[in-house]
Amino acid sequence: MSASTQSAQPLPVKVTSRNLPTVALAGNPNCGKTTLFNSLTGAYHTVGNYPGVTVERRSGTARGQGLPASGVSLIDLPGTYSLSAWSPEERIAQQELLGGQLDAVVVVVDSTNLARGLQLLAQVLLTGSNPVLCLNMSDEAGKAGQRLDLEQMRRLLEIPVVETSGKLDQGIGELREAIQHALEHPKDCRRRVTLGLELRDALDRLEQHLDKVGIRGPQVTWMALKLLKEDPDTRGLLNVIVEESDSLFEEAAREKELLQKGSGQDIHLYIGSQLSGFASGLVREVTLHLSREDARRLSDTIDSVLANKVLGLPIFLAIMYGIFWITFSMGEAPMGWIEGLFGFMAEAVSGLWPAGSDSLLRSLLVDGILAGVGGVMVFLPNIVLLFAGLAILEDTGYMARAAFIMDRVMHRFGLHGQSFLPLMTGFGCSIPGIMATRTLENERDRLVTMLVLPLMSCGARLPIWMLLIPAFFAPPWRAPALWGIYMTGILLALVFSLLLRRTVLRGEEAPFVMELPPYRMPTLRAILYKMYDRSRSYVIKAGTIILGVSIVLWAMTSFPGPPEQPAETGAPAGIVEVQENLDAADALRYSLAGRLGVAMEPLFSPLGFDWRINTALIGAFAAKEVFVAQMGIVFALGETDENSVELSEALRSSYSPLVGISLMLFLLIATPCMATVAIMKKETGSWKYAWGQFIGLSVFAWLLSLAVFQLGSLFL
Amino acid sequence: MSMPEQALAPPQESLQLNALPDGTRCRIHTITGSGPIRQRLLDMGLLPDVELQVERRAPGGDPIWIRLGSWQMALRKAEATSILVLPVRDA
């Protein structure tokens, strides 16, 4: 299993133009690489104040003053503490750094956490890469009183060193120039890393040995270091390319024993101490002024409340409730405007035809496109609000605290504390959530998290709740109902992971180790961008997939038309209208979608769904929002009246609240959308998990809705 | 798997990190155990002689939140047992 999953770790190698020099950004998690990447390339990738936001290798072209006119191909690597690479996303970073394809490597260091970043620099230097040192977050370090002697640092390391603040967009010009300088004057800085004499000698001897068997080049030092650590990957590689690899391993083992005996430490501790010794020595040499101890007092004070042993959990639940409350209450007015706009458009378009016309084009425009796409677009304000709330939690650093607070609960249910962040991402969309599970080192943890992730109610399901909740719940119960449906999803995810961990995915528990970044004030720009980005993709989806599926569903709901109708009689107007509505309902039932819906009735009637809901369920597999679109179409076609009633009112008069609850549960749990099935196949490397998840969730959803509806019918 | 660190018996007063109450300052004596998690702790800079402070515990007493100079991290009790520390007496 692990083999198949590993081979599926996609290395999204985008072919960048061969002529452009290639530069990578490497650094610890949460050191601000992506913000710099965005500044350099003009791209806008999601950033956040927690480790592990970037899980894939991204590339773009950096241009601007200081760089060659044709630009530089820039790669943003996932954050990594070292080049040992334990998790899938760290492996991506390591492969790239050791691949030998890079013309320069910018090591991004968080200035407020200098020593640890410089340990990574030491490793990058030892790989023989051509380095640039970028001391990021210099504004924050400066505010805390830290002053560094950059000249001294340049003298000691003999590499370009620049200070930047990605947040304030400072030092970007200097960074460009430094990159250009490094490209023009490539350096091999392996010797600049001060190591103990014993270690240096041992590495030299191993390098000579490697040279004897024909392995040369700037990477030999790193290879020698890995041999000392008996790294299985390096040994595997050498086994393949070197004939007499055994003598090499023996030599390495001898050197290792010698170093261990001399230091009294095992090799991993010893090498770790050597690298950290280099880093802390460097910090001592270049520090003009230390940062004040009290600089983080505010962050600590906030944590003593928010991460409090007693208050932490209730505060977390209250914050989540607050976000849902805002999503509802503040969304109402703008929703009304969008509804009004689409209503106006529908009237205007209808006005082009004489009253009572049964033009197909009019029906397509009004009952198909405007009812379908409009029905989805109405919920844009809620999407924007929900994402503003989540963006603030992400960018302040609260999410990492929430993971800390929730770890115990997660752990009890067999989930890893680190699963928490991908699960929260799942509230936005399951796809990035599933991708974010790459931060999990253990394959089983990762699989469990991916399998339960669609239970996190995603943004595409929000329109469904916004349609159904007002239809079946009185105003004071709406926010609690929304909170309740999200909580139900979370609760089920926990129960399912416990079941999976106790049955098919049994295994050892992986450790939980997570960095907690200080709180940071999110920039308005970043929050606004996340809101804009989310609304943009929502509108695009409404204009493409939802539009397309709406047209298909409209056609399926309109054709074939009903058989020849009897000529109109001279009955009174009121009766004619009733008759027309009945005819319309019959026509719907006669259509392809109607027939499918009717055919599904034996399966779904026990759940309380009628054929109209069934037709919408089909569309929901393409994209969840389509459920809303199709309900709009069915009810638009089903009425002949020009002044259409609001959809949620139509639903209220057609279905009981019990059907509403049964339906909401079914839509929460069943049938992850097409895109989710596809990404599951991609990330797990097998259809087994993709379809297993699909079928498992759908069957469970059916059983749960059945139980709720049948038991509810007994008592209500 | 050679384990030289077993050869040096920890000094009498060294404790497992999880045994320390909130607010205690201590110095790392060594990191025991083996494999990826040990390497991860070393990579993050948890090395002999590094000073740290136990800040707080999550609801339920686990994980543990520690501060190492300018940065902070959380780890579970299970991982904290592999960190042997010497309490630092405040001057």
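In this text the structure is predicted, and so the values were computed from the model without any measurement. (Residues numbered from 1 in each chain as written. Chains lettered and ligands numbered in written order. Predicted model: local features only at pLDDT ≥ 70, side-chain atom pairs only at ≥ 80, totals over all residues. Heavy atoms only, no water.)

J.: Talk me through the state of the cysteines; I want residue IDs and the actual numbers.
T.: All names here are of chain A. According to the stated counting rule, one finds zero disulfides over all chains in the structure shown. With no disulfide of its own, cysteine 189 has cysteine 134 as its nearest cysteine by sulfur position, at a separation of 16 Å. Looking at cysteine 189, the relative accessible area reads 2%, which means it is buried. Here cysteine 458 is not disulfide-linked; the sulfur of cysteine 429 is the nearest cysteine sulfur, at 6.2 Å. (Disulfide = S-S within 2.5 Å. Buried < 20%, exposed > 50% of the residue type's maximum accessible area, 1.4 Å probe, protein only.)

J.: Break down the interface of chain A and chain B for me, with residues and values.
T.: Each side of the interface is counted separately: chain A has 46 residues, and chain B has 37 residues. With both chains or domains summed, chain A and chain B bury close to 3,700 Å², and 56% of this area falls on carbon and sulfur atoms. Here chain A and chain B share three salt bridges between them. Arginine 38 of chain B is the salt-bridge partner of aspartate 266 of chain A, the closest N and O atoms lying 2.7 Å from each other. Linking chain A with chain B are eleven residue pairs in polar contact (both at pLDDT 80 or more), by the criterion used here. Looking at the side of chain A that touches chain B, the elements that each hand over two or more residues are helix H4 (114-126), helix H11 (245-263), helix H12 (267-286), helix H13 (297-306), helix H18 (398-412) and strand E9 (513-516) of chain A. Residues that form the side of chain A that touches chain B fall into these classes: 14 nonpolar, 17 polar and 15 charged. Bridge count between E9 of chain A and strand E5 (residues 71-75) of chain B: four bridges; the pairing is antiparallel. By the bridge assignment for E5 of chain B, valine 513 of chain A is matched with leucine 75 of chain B. (Contact = heavy atoms within 4.5 Å. Buried area = accessible area lost by both parts, 1.4 Å probe. Salt bridge = Lys/Arg side-chain N within 4 Å of Asp/Glu carboxyl O. Polar contact = N/O pair within 3.5 Å; in protein donor to acceptor, adjacent residues only side chain to side chain. Helix = DSSP H or I, 4+ residues; strand = E, 2+ residues; numbered from the N terminus. Nonpolar A, V, L, I, M, F, W, Y, C, P; charged D, E, K, R; others polar. Pairing = 2+ DSSP bridges.)

J.: Explain the sheet that holds strand E2 (residues 58-62) of chain A to me, and be specific about the residues and the numbers.
T.: All names here are of chain A. Taken in spatial order, the six strands line up as E2-E3-E1-E4-E5-E7 in an open sheet, and their pairing is mixed. Sheet topology places E2 and strand E7 (161-163) at the edges, where each strand pairs with a single neighbour. Sheet twist, expressed as the average angle between the axes of neighbouring strands with direction ignored, equals 25°. In the sheet, E2 pairs with strand E3 (residues 72-76) via five bridges, with the strands oriented antiparallel. Considered in E3, the bridge of glycine 60 is made with leucine 74. Contacts from H4 reach strand E1 (22-27), strand E4 (104-110) and strand E5 (131-136), with the element oriented near 165° to E4. (Axes fitted to C-alpha atoms, helices over the stretch in contact; angles between N-to-C directions.)

J.: Tell me about the pattern of salt bridges, and please be specific about residues and values.
T.: Counted according to the given criterion, the structure contains 27 salt bridges over all chains. Across the pair aspartate 533 of chain A and arginine 536 of chain A runs a salt bridge, and its minimum N-O distance is 3.9 Å. One end of the pair, aspartate 533 of chain A, and the other, arginine 536 of chain A, are both in helix H24 (residues 524-558), three residues apart, so they sit about a helical turn from each other. Three or more residues joined by partner-sharing salt bridges are found here, namely Asp300 of chain A together with Glu55 and Arg67 of chain B.

J.: I'd like a description of unusual backbone geometry, backed by residues and values.
T.: Here the amide bond leading from aspartate 62 of chain B into proline 63 of chain B is cis, since omega sits at -5°, within 30 degrees of zero. Within the element layout of this structure, proline 63 of chain B appears in the loop between strand E3 (51-57) and strand E4 (64-68). Although it is not a glycine, asparagine 30 of chain A sits at a positive phi angle of roughly 60°. Its place among the elements puts asparagine 30 of chain A in the loop between E1 and helix H2 (33-41). Residue asparagine 30 of chain A is classed as buried on the basis of its relative accessible area, which comes to 16%. The residue methionine 137 of chain A is not glycine, and still its phi comes out positive at about 60°.

J.: Tell me what's going on with the confidence of the model for chain B, and back it up with residues and numbers.
T.: All names here are of chain B. On average, residues of chain B carry a pLDDT of 85, and 85% of them reach 70 or more. Across chain B, element-level confidence peaks in E4 with a mean pLDDT of 95 and bottoms out in helix H1 (residues 4-7) with 46. Every residue in residues 1-7 is under pLDDT 50, and counting partners more than four places away or in other chains gives twelve contacts. If you check the scores for this complex, the pTM reads 0.81 and the ipTM reads 0.87. (pLDDT = per-residue confidence, 0-100.)

J.: Describe the confidence of the model for chain A, and please don't skip the residues or the numbers.
T.: Residue and element names in this part refer to chain A. In the predicted model, chain A carries a mean pLDDT of 86, and the fraction of residues at 70 or more is 92%. Within chain A, the lowest mean pLDDT, 37, falls on helix H1 (residues 2-7), and the highest, 97, falls on E7. Within the model, pLDDT remains below 50 along residues 1-17, and this stretch shows 31 contacts once partners closer than five positions in the same chain are excluded.

J.: Describe a nonpolar patch on the surface, and please don't skip the residues or the numbers.
T.: On the surface, Trp687, Trp691, Ile695, Val699 and Leu703 of chain A cluster together into a nonpolar patch covering about 500 Å² of accessible area. If you trace the backbone, tryptophan 691 of chain A turns up in helix H33 (residues 687-715). (Patch = residues over 30% accessible without salt bridge, like charges linked within 9 Å, V, L, I, M, F, W, Y side chains within 5 Å. Areas by Shrake-Rupley, 256 points an atom, 1.4 Å probe, with all protein chains shown as cover.)

J.: Report on the environment of isoleucine 661 of chain A, specifying residues and quantitative values.
T.: Residues and elements named next belong to chain A. Residue placement: isoleucine 661 occurs in helix H31 (residues 657-669). Exposure remark for isoleucine 661: the relative accessible area of 34% places this residue in the partly exposed category. Between the alpha carbons of isoleucine 661 and glycine 433 there is a distance of 26 Å; along the sequence they are 228 residues apart. Excluding its chain neighbours within four sequence positions, the residues that come into contact with isoleucine 661 are Phe473 and Val708.

J.: Could you give an account of the pairing of E4 of chain A, with specific residues and numbers?
T.: Residue and element names in this part refer to chain A. Here E4 lies mainly inside the structure; seven of its seven residues are buried. Burial of the side chains of E4 extends over both faces: Ala104, Val106, Val108 and Asp110 are buried on one face and Val105, Val107 and Val109 on the other. In this sheet, E4 lies alongside E1 in parallel orientation, the contact comprising five bridges. Bridge pairing links alanine 26 to valine 107 in E4.

J.: Let's hear about the packing of helix H10 (residues 232-241) of chain A against H11 of chain A: which residues, and what values?
T.: Helix packing for two helices is described by the angle between their axes and how far apart those axes are. Residues and elements named next belong to chain A. For the pair H10 and H11, interaxial distance at closest approach is 9 Å and the crossing angle is 145°. Judged by residue contacts, Arg235, Leu238 and Asn239 of H10 engage Ser245, Leu248 and Phe249 from H11. Class assignment of the residues belonging to the contact of H10 with H11 gives a composition of three nonpolar, two polar and one charged.

J.: How would you summarise the nonpolar core if you had to cite specific residues and measurements?
T.: Residue and element names in this part refer to chain A. With 133 residues, the main nonpolar core has Trp465 and Phe627 as its most contacted residues. Dropping the residues within four chain positions of it, tryptophan 465 is found in contact with Ser457, Pro470, Leu482, Ile485, Tyr486, Met664, Leu667 and Leu668. Residues Leu195, Leu199, Ala202 and Leu282 belong to the second largest nonpolar core, which totals 59 residues. (Core = buried A, V, L, I, M, F, W, Y, C linked by side-chain atoms within 4.5 Å.)

J.: Which residues make up the environment of leucine 467 of chain A, and what values do they have?
T.: Residues and elements named next belong to chain A. Mapped onto the elements of the fold, leucine 467 is located in helix H22 (residues 462-472). Distance from leucine 467 to valine 628, taken between C-alpha atoms, is 7.3 Å for residues 161 residues apart in sequence. Excluding residues within four positions of it along the chain, leucine 467 makes contact with Phe379, Val628, Leu647, Ser648 and Leu651.

J.: Which residues make up the sheet that holds strand E6 (residues 83-87) of chain B, and what values go with them?
T.: Pairing is antiparallel across the open sheet formed by seven strands, whose spatial order is E9(A)-E5(B)-E4(B)-E3(B)-E2(B)-E6(B)-E1(B). Of all strands in the sheet, those with a lone pairing partner are E9 of chain A together with strand E1 (15-16) of chain B, marking the two edges. Pairing of strand E2 (residues 25-31) of chain B with E6 of chain B, which is carried by five bridges, proceeds in the antiparallel orientation. Bridge assignment links isoleucine 28 of chain B to a residue of E6 of chain B, and that residue is valine 85 of chain B. Along the sheet, H13 of chain A contacts E3, E4 and E5 of chain B; its crossing angle with E3 of chain B, the most-contacted strand, is approximately 35°. Of the strands in this sheet, E9 of chain A together with E3, E4 and E5 of chain B touch H18 of chain A, which is tilted by about 145° from E9 of chain A.

J.: Describe the side chain of arginine 76 of chain B, and please don't skip the residues or the numbers.
T.: Note on placement: arginine 76 of chain B falls in the loop between E5 and helix H3 (77-80). We classify arginine 76 of chain B as buried; its relative accessible area is 3%. Within polar-contact distance, the side chain of arginine 76 of chain B engages the side chain of histidine 411 of chain A at 3.2 Å. Aside from chain neighbours lying at most four places away, what touches arginine 76 of chain B is Asp407, His411, Leu415, His416, Gly417, Ala510 and Phe512 of chain A together with Asp62 and Pro63 of chain B.

J.: So what about the packing of aromatic side chains? Which residues, and what values?
T.: All names here are of chain A. Under the criterion given, the structure shown has 13 aromatic pairs over all chains. Each ring, one from phenylalanine 621 and one from phenylalanine 694, has its centre 5.3 Å from the other, and the planes form 70°; the classification is edge-to-face. Placement of the pair is phenylalanine 621 in helix H28 (residues 611-622) and phenylalanine 694 in helix H33, with a sequence separation of 73 residues. For phenylalanine 621, a relative accessible area of 23% puts it in the partly exposed group. For phenylalanine 694, a relative accessible area of 15% corresponds to the buried category. When the ring of tryptophan 687 is compared with that of tryptophan 691, the centres are 6.4 Å apart and the planes differ by 25°; the resulting orientation is stacked. One end of the pair is tryptophan 687 and the other is tryptophan 691, both in helix H33 and four residues apart, which spans about a single turn. Looking at tryptophan 687, the relative accessible area reads 46%, which means it is partly exposed. Taken together, Phe621, Trp687, Trp691 and Phe694 form an aromatic cluster joined through their ring pairs. The ring of tyrosine 590 carries the charged tip of arginine 595 above its face, separated from the ring centre by 4.6 Å. (Phe/Tyr/Trp six-rings, centres within 6.5 Å; stacked < 30°, edge-to-face > 60°. Lys NZ or Arg CZ within 6 Å of the ring centre and 35° of its normal.)

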